[in-house]
Amino acid sequence: MSRRDFLRSAAGVALGGALLGSRALASGIPVKNRKVVVITFGGGARDQETFAPEGQVNIPHLMGELIPQSSFFTQVVNRGILGHYVATASLATGVYETINNFASLPPEHPTVFEYFRKDRRRPASDTWVVAPSNGFNRIGESSHRSYGAGLGAQVILPKHLLTAALSGGHSEYQHLLRDNYETPFYAPELGGSEVELEQLERILNLSVEDFKGHARTLSSPDELSVYVVRQLMRQEAPSLLWITMHDIDVAHAGAYSLYVEGVRRTDRLCAEVWKIIQTEPEYAGKTTLFILPDFGRDSDEDSGGNGFQHHRTGDAPSRTTWMLALGAGVRENVVFDRPMESTDLVPTIGAILDFSPSLAQGKPISELA
Amino acid sequence: MLPRDLKAEHFNRYPAEARKLVTDYLVALQALPLSFVPNLLREAIDYDFKFPAERRALERELANLQSLIAPRSTEHSPEHAAERSSEQPQEWFRGFAQIKLSPQLEQMDWVNSPAQFVEQLSTHLWATHQLDAFRKAATEYADRLHAVVPLEPPPIPRLGIAVIGQGVSAYDEPLFRKLRPHGGYFSRVKPEGGLRLLLNAIAARAQAHPIPYGHWYVDGGEEAEHFPALTCVSYHALEPVRSALLRKMRTEIAEPGMGPEALRTLLAQMNPVELGLGPAGDPVLDRFRVKLLTEGSGTQIFSTTFVQWTAREALRRAQPCTLLVRFAPRQRQKPMNELISEKEDETELDPHGSLMDADMGAYYNWINQQRLSGADQSSFLVWFENHNEAVAIGPSMPRATESSTPTDLRELLSLIT
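Criteria and thresholds
- Residues numbered from 1 in each chain as written.
- Chains lettered and ligands numbered in written order.
- Predicted model: local features only at pLDDT ≥ 70, side-chain atom pairs only at ≥ 80, totals over all residues.
- Helix = DSSP H or I, 4+ residues; strand = E, 2+ residues; numbered from the N terminus.
- Rg over C-alpha atoms; globule rule 2.2 N^0.38 Å.
- Buried ≥ 20, exposed ≤ 12 C-beta atoms within 10 Å, placed from the backbone.
- Contact = placed C-beta atoms within 7 Å.
- Pairing = 2+ DSSP bridges.
- Axes fitted to C-alpha atoms, helices over the stretch in contact; angles between N-to-C directions.
- Domains from an automatic or database assignment.
- Parallel < 35°, antiparallel > 145°, perpendicular 65-115°, else oblique.
- Nonpolar A, V, L, I, M, F, W, Y, C, P; charged D, E, K, R; others polar.

Colleague: For this particular structure, what's the right way to read the overall build of chain B?
Modeller: Helix and strand counts for chain B stand at 17 helices and 10 strands. Relative to the 2.2 N^0.38 estimate, which gives 22 Å for 417 residues, the radius of gyration of chain B is 23 Å and therefore close to what a compact globule would have. By its C-alpha atoms, chain B is 65 × 55 × 45 Å across when sized along the principal axes. Residues classed as buried in chain B amount to 41% of the 417 residues present. Put simply, of all contacts in chain B between residues at least 6 apart along the chain, 70% involve residues at least 24 apart.

Here it is, written out as structure tokens:
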């Protein structure tokens with residue numbers, strides 16, 4: 001069975017292009033009320049452990065709950081650098097960024113947050129990024145001279161926040177403080193505009209003790225991120241919210257069971273975010289949710305790699321993933337086979353939220369925008 | 001500097017045998033593109049510490065290049081296969097020659113630091129969207145090379161064995177799902193004395209066919225008693241080396257200016273003595289052991305990763321005729337910063353997670369074995385240790401079959417070898 005066939009059968013839904021044409025569904029919601037949430041299903045998952053027949057057991061929530069409500073795009077190709085920070089930056093700018101994946105640097109091209117805020121004259125509180133590690137602290141705002149300073153998203157790094165909240169003896173929380181898996185022994189020094197501890201109470205309406213107490217009940221950094229997302233949606237209700245999941249990237253340690261456990265957890269957390277969207281009055285009925293991996297992982301067959309462990313070969317499976325779109329303005333229960341690029345996301349969000357990402361390389365996805 | 005500027009004295013810092021090797025083929029190296037040469041030198045600089053199979057492969061590759069570049073000077077050489085192929089050197093390296101390099105790369109000391117160059121080259125290829133072009137050039141080169149310099153067949157058909165699931169008393173999920181389509185699944189294997197039987201079997205092969213680094217035993221825990229002529233690597237025996245390495249990493253990370261790339265470079269330059277392996281050891285094997293820990297990702301932390309990576313590297317480099325790997329329970333996952341601390345907490349194990357790791361690891365072992373020459377005659381056996389399940393793969397074993405007939409490991413081995 002080809003990739004195209006199993007993805008289509010996994011969805012078990014109509015073939016969108018053939019039956020429906022490529023026109024987007026009118027949402028009927030005034031653009032000023034529309035919201036967009038993006039989740040990167042990360043970092044990096046392969047078909048074998050997700051939508052391929054043998055992998056579907058790992059994503060029961062995507063398969064059973066989300067796909068039937070989604071437009072499912074089966075061929076999203078990332079032609080850029082396959083490092084998590086630089087790839088996420090590329091998703092957020094619509095341009096294949098070439099910044100050092102392991103340095104604390106801003107993207108070089110304007111981000112989706114800057115386009116949105118500048119064109120729509122939105123305040124900083126209307127765009128937020130919740131990101132996994134210190135290395136992502138500059139993701140919200142580019143170094144581009146026409147955008148950049150003061151136009152970016154607020155970035156919240158839940159693990160950094162927890163570290164600050166612990167302020168001393170934190171052995172109970174060590175399992176939440178891992179920075180990243182590609183260079184596990186490093187946590188870049190922070191130099192961006194991350195939320196400071198005192199903002200925990202002001203923005204998230206959480207006391208340090210409550211935050212620490214809840215963190216104690218969580219098993220992973222991504223769970224902590226979703227907890228923060230829920231608070232953020234209740235307290236700030238941003239129009240554009242970007243959530244970067246990262247537990248899956250434990251695969252770099254080479255333990256297959258931990259990688260699969262990460263996939264299963266991310267599947268559950270995506271459904272949890274969708275549930276929050278449907279139940280929070282500020283979001284219900286007016287939000288479009290995008291879920292996509294930043295890229296895949298190396299295939300078992302490429303001798304240059306070591307299978308699921310890394311994403312270093314640049315082979316087709318490591319570059320080719322999928323995307324789910326669901327919610328306002330999205331047709332339900334359809335699959336689209338045509339290839340698209342990960343840089344198409346920003347122009348698509350631009351069409352939904354009515355801003356012009358003039359420097360993005362991608363094109364709006366006609367089935368959504 | 002470009003390859004055309006190479007002189008023999010540029011290699012003065014190479015180990016003795018490596019220096020002789022590259023200077024013997026200097027004319028060929030001078031004629032090759034910069035996007036290609038450091039990859040070759042990265043292998044050549046370690047020539048003194050390479051396994052016999054890799055040495056021979058490198059010698060044959062260089063001889064082929066020489067015959068391509070300067071056919072007259074090698075006309076009496078036994079290795080001038082490319083000359084017979086009538087292909088021009090430009091055809092072999094057109095793809096590499098079209099790769100655009102930066103001045104910074106050209107200015108690097110790629111002769112003495114070829115590995116660092118290759119790392120920087122990789123970054124450059126990703127950033128300039130030339131990775132696919134480089135992959136294509138490399139694949140085409142390898143195909144041409146194998147066409148005129150075929151891989152050496154193994155002296156005897158290869159046998160790979162994976163023993164998985166140590167410490168697991170019961171497991172309900174189906175095992176060997178990826179391997180079953182390639183061989184026979186046996187559900188009533190007598191487990192008694194299984195490990196000893198397998199160790200004896202590989203010992204018999206080693207005795208019958210004494211080949212340097214030709215018969216390996218890799219253990220994710222403490223190695224069992226084994227025939228001394230086997231090449232043995234175990235996670236347990238390398239515990240002091242792993243501790244020394246992690247201590248060294250902690251120290252270096254604290255140094256100002258240290259970053260991921262610098263740390264990787266530093267690790268790549270570490271030698272066995274620095275990590276506590278005595279000078280009296282086997283220099284080739286000790287260097288191999290150190291590289292498992294300094295170049296592998298997760299090998300310092302998880303024994304299952306260590307075993308899988310060791311098997312991969314042993315197959316890729318030493319190309320053994322026999323490889324028995326035994327996975328052992330790895331430690332429960334902890335955050336990396338806790339794992340590299342010096343806490344003396346009692347290690348908690350994760351036998352079930354380790355079984356899943358090992359099931360996938362065994363599949364990777366088989367894939368890596370099948371990448372070697374003689375794949376159509378190779379055999380593979382995976383066994384759930386102390387349990388009744390096994391899969392046997394071999395040229396005479398029907399694929400995707402199942403058997404519930406009582407059997408034992410000796411019989412399974414006889415079916416596939």
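Colleague: Explain the sheet that holds strand S7 (residues 379-384) of chain B here, please?
Modeller: Pairing between the strands of a sheet is mediated by backbone hydrogen bonds and can be parallel or antiparallel. Residue and element names in this part refer to chain B. Spatially, eight strands are ordered S5-S4-S6-S1-S7-S8-S2-S9 in an open sheet, and the strand pairing comes out mixed. With one partner strand each, in any of the chains shown, strand S5 (231-234) and strand S9 (401-403) form the two edges of the open sheet. Within this sheet the neighbouring strands show an average axis-to-axis angle of 10°, counted without direction. When strand S4 (residues 215-219) meets S5, the two strands line up parallel, connected through four bridges. The residue bridging Tyr-217 from the neighbouring strand is Cys-232, located in S5.

Colleague: I'm lost on the domain arrangement of chain B in this one. Help?
Modeller: A common way to express how large an interface is: the accessible area buried when the components associate. Residue and element names in this part refer to chain B. As assigned here, chain B comprises domain 1 (3-148) and domain 2 (159-416). Computed over C-alpha atoms only, the centres of domain 1 and domain 2 are separated by 32 Å. Listed as interface residues are eight residues of domain 1 and, on the opposing side, 10 residues of domain 2. Going through the elements one at a time, helix H4 (52-69) and helix H8 (114-127) are the ones with two or more residues in the side of domain 1 that touches domain 2. No other element matches the three residues that H4 contributes to the side of domain 1 that touches domain 2.

Colleague: It is not clear to me how the pairing of strand S7 (residues 287-292) of chain A should be interpreted in this structure. Could you clarify?
Modeller: The two faces of the sheet receive side chains in turn, since in a regular strand these alternate between them. All names here are of chain A. Judged by how many residues are buried, S7 sits mostly within the fold: six of six residues are covered. Covered by surrounding structure in S7 are Thr-287, Leu-289 and Ile-291 together with Thr-288, Phe-290 and Leu-292, the residues of both alternating faces. In terms of strand pairing, S7 meets strand S8 (residues 320-327) through four bridges, oriented antiparallel. Within S8, the residue paired with Phe-290 across the bridge is Ala-325.

Colleague: Can you walk me through unusual backbone geometry in this structure?
Modeller: Residue and element names in this part refer to chain B. Backbone geometry at Tyr-213 places phi at a positive 55°, although glycine is not the residue there. Here Tyr-213 is to be found in the loop between helix H10 (194-208) and S4. Even without a glycine there, the phi angle at Ala-400 is positive, about 50°.

Colleague: In this structure, what is going on with the packing of helix H14 (residues 303-318) of chain B against helix H16 (residues 351-370) of chain B? I would like to understand it.
Modeller: To characterise two packed helices, one gives the angle between the axes of the helices and the distance between these axes. Residues and elements named next belong to chain B. The interhelical angle for the contact between H14 and H16, taken along N-to-C directions, is 5°, at an axis separation of 9 Å. What the angle tells us is that H14 and H16 run roughly parallel. Contacts between H14 and H16 involve Thr-304, Val-307, Gln-308, Ala-311, Arg-312, Leu-315 and Arg-316 from the first element and Ser-354, Asp-357, Ala-358, Gly-361, Tyr-364, Asn-365, Asn-368 and Gln-369 from the second. A breakdown of the residues in the contact of H14 with H16 according to their chemical character gives five nonpolar, seven polar and three charged.

Colleague: So what exactly am I meant to see when it comes to the pairing of strand S1 (residues 159-164) of chain B here?
Modeller: All names here are of chain B. In terms of burial, S1 is a largely internal element, six of the six residues being buried. Residues Leu-159, Ile-161 and Val-163 line one face of S1 and the alternating positions Gly-160, Ala-162 and Ile-164 line the opposite face, and both faces are buried. Judged from the five bridges that link them, S1 and strand S6 (residues 322-326) form a sheet pairing that is parallel. When the bridges of S6 are listed, Gly-160 appears paired with Leu-323.

Colleague: Looking at this model, I keep getting lost on the environment of Leu-101 of chain B. Mind explaining?
Modeller: All names here are of chain B. Note that Leu-101 resides in the loop between helix H6 (89-97) and helix H7 (103-107). A count of 18 C-beta atoms within 10 Å places Leu-101 in the partly exposed class. The residues contacting Leu-101, other than those within four sequence positions of it, are Leu-34, Ser-35, Glu-106 and His-124.

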